[in-house]
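Coordinates in review
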Amino acid sequence: MSDRGSRGRQARIAVIGGDGIGPEVTAVAADVLAAAAHRHGLDLTLDRWDLSADRYLRDGVAITDAERDRLVRDYDAALLGALGDPRVPDHAHIRDILLGLRFHADLYVNFRPCKLLIPALSPLRDPDPTTDIVFFRENTEGLYTGLGGRFKAGTTEEVAVQESLNTYRGVERIVRAAFEHAAATGRGRVTLVDKANALVHEGALWRRVFAEVGAAFPDTAQDAMYVDAMAMDLVRRPQRYEVVVTSNLFGDILSDLGAQVTGGLGLAPSGNINPGVWALFEPVHGSAPDIAGQGIANPLAAVGCVALTLGYLEMDAAAADVEECIVASIRERVSTPDLGGSATTREVGEWMTARLRD
Ligand code: NAD
Ligand code: IPM
Ligand code: MN
């Protein structure tokens, strides 16, 4: 494959370390990206942005409207490490930066691939080596909009309402993205996950739209699962699932489960994408305060985001090289403790950049 996509061989990427292990894994990701760019003659500009709890606590603002506009206008994509800091217990900066960018840039596809790269990585007893699931999580609606409120807060009569927002337009575009991805990548099945037996209003909308959109894809197997049964089945027979489309919260939960079944959070990348407009790539994992600063965070999810970014930029050969490098590092046992190795975050990164420079 060539690296001559419609965007050419140039791109500007914003690198946002964030909090906790975010800056540790993002430093590796940026090095790997630079090495891959050098190897493939790509002209990539990487600019570091300090959007973090530190910045929020220092300036009293997490991200300004102008910064959000500039990120989307001046960059082709962004790479984010993770956000979340015990010093910000109400998570205000996560809402402003991460959820803010998802809403502001209308990044409606949360693309979360969970592929079992090597069977030994799975905690399952007899893992199927073909396990390869792609989650299409709706990323701008559902229970995440903040609609609702509290009444009599702080009293014993407190009432908390958190509304789930589902629009025809929002459901249609994520379901369509899932079917189009399946068709384009030769995946034979799309599964809708919902809770239509209890959440009857949103369930009815999702099921109708799924059937309507699916009608245009007669060669794709289509089924629906309730989210509770799906949680069970992702452990029982994850190999059955190819493309899963679901709402914001269910996708959040199931993608952590899918990640663990295929090797753990340390390996799982994701993309927040408004197709053709802008994208933000970030590991599925968070800032992992329990291991932050120890130099042992697995950087492979962040490096997986580099591969996704390069793929998004149509720099396919470079993306394939980075993916190959991830698998090679695991096979060669250059791994952090979560994968049973003894390498540090930086050592994994140095091994990868050396391999890409060879
Ligand atoms: P987490 O994903 O940060 O950690 C869960 C567990 O997985 C921890 O034991 C952690 O050590 C481990 N882990 C995660 N990433 C790892 C890696 N790369 N290598 C090795 N081990 C890894 O989830 P949490 O503890 O629930 O959340 C911590 C903070 O992160 C919270 O503030 C949360 O809101 C935030 N968060 C942010 C994002 C994001 O920025 N996209 C995602 C999830 C959680
Ligand atoms: C994720 C995270 C976020 C989410 C949090 C930090 C708000 O868990 O990206 O998976 O729930 O979307
Ligand atoms: Mn999550």
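Just so we're clear, the structure is a prediction, and the values are computed from it rather than from any experiment.

1. Notes on the overall build of the chain
For the chain, the helix and strand inventory stands at 11 helices and 12 strands. Taking 358 residues into account, the globule formula puts the C-alpha radius of gyration at 21 Å, and the chain, at 20 Å, falls close to it. Overall, the chain is about 55 × 50 × 45 Å in size when its C-alpha atoms are taken along their principal axes. Looking at the chain residue by residue over its 358 residues, the buried ones come to 53%. Long-range pairs, those at least 24 residues apart, make up 74% of the contacts in the chain between residues at least 6 apart in sequence. For the chain, the exposed area adds up to about 15700 Å²; of that, 51% sits on carbon and sulfur atoms. The positive charge centre, built from 36 side chains, and the negative charge centre, built from 50, are 2 Å apart in the chain.

2. Looking at the sheet that holds strand β12 (residues 278–283)
Strand order in the open sheet formed by 10 strands is β2-β1-β3-β12-β11-β4-β5-β10-β8-β9, and the pairing between neighbours is mixed. Of all strands in the sheet, those bounded by a partner on one side alone are β2 (43–49) and β9 (221–226). Geometrically, the sheet is characterised by an average inter-axis angle of 20 degrees between neighbouring strands, direction not taken into account. Relative to β12, strand β11 (residues 269–274) is paired through 6 bridges, and the arrangement is antiparallel. Following the sheet pairing, P269 is matched in β12 by P283. Of the strands in this sheet, β1 (10–18), β2 and β3 (77–82) are in contact with helix α1 (residues 22–40), which crosses β1 at around 165 degrees.

3. Quick look at the site of ligand 1
Neighbouring ligand 1 are 20 residues; E282, G286, A288, D290 and N298 lie closest to it. L83 places a polar main-chain atom, nitrogen or oxygen, 2.9 Å from an oxygen atom of ligand 1. One of the side-chain nitrogen or oxygen atoms of H285 is found 3.3 Å away from a nitrogen atom of ligand 1. Coverage of ligand 1 by the protein chains reaches 67% of its 810 Å² of free accessible surface. Counted by class, the shell around ligand 1 contains 11 nonpolar, 6 polar and 3 charged residues.

Calculation criteria
Position labels on residues start from 1 in each chain and follow its written sequence. Numbering of ligands from 1 and lettering of chains from A proceed in the order in which they are written. Per-residue local features are limited, in this predicted model, to residues with pLDDT of at least 70; the limit for side-chain atom pairs, both in listing and counting, is 80 or more; totals at the level of whole chains, interfaces and linings are taken over all residues. Heavy atoms throughout the structure, all of them, feed into the side-chain values; hydrogens and water do not. Only DSSP runs of H or I covering at least 4 residues are called helices, and only runs of E covering at least 2 are called strands; the numbering of each starts at the N terminus. Here the globule rule reads 2.2 Å times residues to the power 0.38, and the radius of gyration is calculated from C-alpha atoms. Buried residues are those whose accessible area, probed at 1.4 Å on protein chains only, stays under 20% of the maximum for their type, while exposed residues exceed 50% and partly exposed ones sit between those limits. Contact between two residues is taken to exist if any of their heavy atoms lie within 4.5 Å; hydrogens are not considered. All accessible-area figures derive from a Shrake-Rupley calculation using a 1.4 Å probe, and residue coverage is judged against the displayed protein chains alone. Under the counting rule used here, the positive set is Lys and Arg, the negative set is Asp and Glu, and His together with the chain ends is not counted. Note on charges: their place is set at NZ of Lys, CZ of Arg, CG of Asp or CD of Glu. Being paired, for any two strands, means DSSP has found at least two bridges between them. Geometry is summarised by axes, namely lines fitted to C-alpha atoms with helices restricted to the contacting stretch, and by angles between N-to-C directions that run from 0 to 180 degrees. It suffices for a single heavy atom of a residue to lie within 4 Å of a molecule or strand for the residue to be listed as near it. Polar contact is defined as a pair of N or O atoms within 3.5 Å, subject to the rule that within protein one atom must be able to donate a hydrogen and the other to accept it, and that residues adjacent in sequence are counted only when both atoms are side-chain atoms. Under the scheme applied, nonpolar residues are Ala, Val, Leu, Ile, Met, Phe, Trp, Tyr, Cys and Pro; charged residues are Asp, Glu, Lys and Arg; polar residues are all the others, including Gly.

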